Amino acid sequence: MTPTKRAFLACTVALTTAFSLGHVHAQTALDNVMKAKLIRIAIPTDFPPYGFVGIDLKPQGLDIDTANYIGAKLGVKVELVPVTSTNRIAYLQTKKADLVISTLGKNPEREAVIDFTSAYSPFFQAVFASKSMKVASFADLAGKSVAVTRGAIEDQELSKVAPPTADIKRFEDNNATVSAFVSGQTQLIATGASVAGNMMTRNPQLGAEYKLLLKDSPNFIGVGKGENALRLKVNEILAAAKKSGDLDTMAKKWLGRPAGNLPE
């Protein structure tokens, strides 16, 4: 064999090996988790009721319960990795986390860089009021005052369904809207789940609860690009949890409503 052919053969073998290793590496997240008996899951700690720090200084919320649930079903220990909305995707890309469970919505831009499991929880805008107030349909808003942030999604949706006699009071930002409801200026509030969750956590004396759904935008779990084995395994766990009612139970605990019919 001539030196030229020998060099060519060596180069071919090296490239083939590198490609094969790269392909295997792209599918090793689940293997690594099961081997280490540990899964690192990125979660929010500043976004109640999905994720926040409790009085015991430990993370809690719907996303934390979901993370621990998945870890338990995998039979591995869970390492909770606090992230923000700006760095949560980067934690997947740099392998600082195996999964991201942090109120992550799915869109084409994100799908280009990470993969997603089935939806695990709702993220929604709704009408909230005291538990003592009977509100079963939008018709029940007749003659009642509702605080809402001007121009927000919930304002747009509420305007479509509220009866003409509903007293919709619009405020310039979420803080003003929440303040109006908390101070008793209005009987109900239309807002997003996260704003409502924070409000109810800070003001338990209100006894506020979910009443009517305005718009649903589900949350998905983020997985590293190409990590199909892990994605499919988590999908199996979510499908079983949906069938057993466990997803509904967790959603009711933190959101005051069941998870409902989530997309796959």
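Located above this text is the structure these notes cover.
This is a predicted model, so every value here is computed, not measured. (Residues numbered from 1 in each chain as written. Predicted model: local features only at pLDDT ≥ 70, side-chain atom pairs only at ≥ 80, totals over all residues. Heavy atoms only, no water.)

## Considering the sheet that holds strand 2 (residues 46-47)
The condition is simple: In this scheme, strands are said to pair when DSSP sees at least two bridges between them. Helix and strand assignments come from DSSP, with helices taken as H or I runs of at least 4 residues and strands as E runs of at least 2, each series counted from the N terminus.
Read from one edge to the other, the open sheet built from three strands follows the order 2-3-4, with strand pairing classed as antiparallel. The open sheet has two free edges, formed respectively by strand 2 and strand 4 (59-60), since each of these has just one partner strand. By the bridge criterion, two bridges tie strand 3 (residues 51-53) to strand 4 in an arrangement that is antiparallel. By the bridge assignment, Val53 is partnered in strand 4 with Pro59.

## Description of the layout of surface pockets
Space left empty within the atom packing is revealed by a probe, the size of a water molecule, rolled over the atoms. Put simply, the test is: Points on a 1 Å grid over protein atoms alone make up a cavity when a 1.4 Å probe fits among them but cannot get out, and a pocket when they form an open set with protein on both sides within 12 Å along at least five of seven lines; lining residues each have an atom within 4 Å of a point. Grid points are joined across faces, edges and corners, and a volume is the space filled by probe spheres set on the points. Three classes are used: nonpolar for Ala, Val, Leu, Ile, Met, Phe, Trp, Tyr, Cys and Pro, charged for Asp, Glu, Lys and Arg, and polar for all others, with Gly counted as polar.
Its boundaries defined by the atoms lining it, the largest pocket holds a volume of some 270 Å³. In this structure, the largest pocket is lined by 15 residues; those nearest its centre are Pro49, Met200, Thr201, Lys253 and Trp254. For the lining of the largest pocket, the elements supplying multiple residues, two or more each, are helix 8 (193-202), strand 12 (208-216) and helix 10 (246-255). With four residues, the single largest contributor to the lining of the largest pocket is helix 10. Among the residues forming the lining of the largest pocket, the class breakdown is seven nonpolar, four polar and four charged. For the second largest pocket, the calculated volume is near 220 Å³.

## As for the side chain of Asp115
Going by this rule: In protein, a polar contact means a hydrogen-donor-capable atom and an acceptor-capable atom, both N or O and within 3.5 Å, with residues adjacent in sequence counting only if both atoms are side-chain atoms; elsewhere, any N or O pair within 3.5 Å suffices. Here, residues are in contact when the closest pair of their heavy atoms is within 4.5 Å.
With respect to the secondary-structure elements, Asp115 resides in strand 7 (residues 114-121). A distance of 2.8 Å separates a polar atom in the side chain of Asp115 from the backbone nitrogen of Gly226. Non-local contacts of Asp115, meaning those with residues more than four positions away in its chain, are made with Ile221, Gly222, Val223, Gly224, Lys225, Gly226, Glu227, Asn228 and Arg231.

## Some words on the nonpolar core
For the record, the criterion: The criterion is simple. A nonpolar core is a set of buried Ala, Val, Leu, Ile, Met, Phe, Trp, Tyr and Cys residues joined through side-chain atoms within 4.5 Å. Classification of residues uses two cut-offs on accessible area relative to the type maximum, computed with a 1.4 Å probe and protein chains only: under 20% is buried, over 50% is exposed, and between them is partly exposed.
Membership of the largest hydrophobic core comes to 59 residues, with the highest contact counts inside it found for Ile39, Ile41, Ile70, Leu99, Phe124 and Ile221. With six residues, helix 3 (residues 62-74) is the single largest residue contributor to this core. Residue contacts for Phe124: discarding those within four places in its chain leaves Tyr50, Thr191, Gly192, Ala193, Tyr210, Leu213, Lys215, Asp216, Leu255 and Arg257. Val127, Ala129, Phe138 and Leu188 belong to the second largest nonpolar core, which has 15 residues in total.

## With respect to helix 6 (residues 153-161)
Those residues of helix 6 that fall on the buried side of the exposure criterion are Glu154, Asp155, Glu157 and Leu158. On the buried face of helix 6, the contacting elements are strand 8 (124-130), strand 9 (145-149), strand 10 (167-171), helix 7 (174-182), strand 11 (188-192) and strand 12.

## Focus on the packing of aromatic side chains
Stated precisely, the cut-off is as follows: Centres within 6.5 Å make a pair out of two Phe, Tyr or Trp rings, where for Trp the six-membered ring is used; the pair is then stacked when the planes are under 30 degrees apart, edge-to-face when over 60, and tilted otherwise.
Following the criterion strictly, the structure yields seven aromatic pairs and no others. Summarising the aromatic geometry, the rings of Phe47 and Phe123 are spaced 6.1 Å apart at their centres and angled 10° between planes, so their arrangement reads as stacked. Here the residue Phe47 occupies a position in strand 2, and Phe123 occupies one in the loop between strand 7 and strand 8, the gap between them amounting to 76 residues. Classification of Phe47 as partly exposed rests on a relative accessible area of 28%. Ring centres 5.9 Å apart and planes at 80° place the aromatic pair Phe52 and Trp254 in the edge-to-face group. In this pair, Phe52 is assigned in strand 3 and Trp254 in helix 10, connecting sequence segments 202 residues apart.

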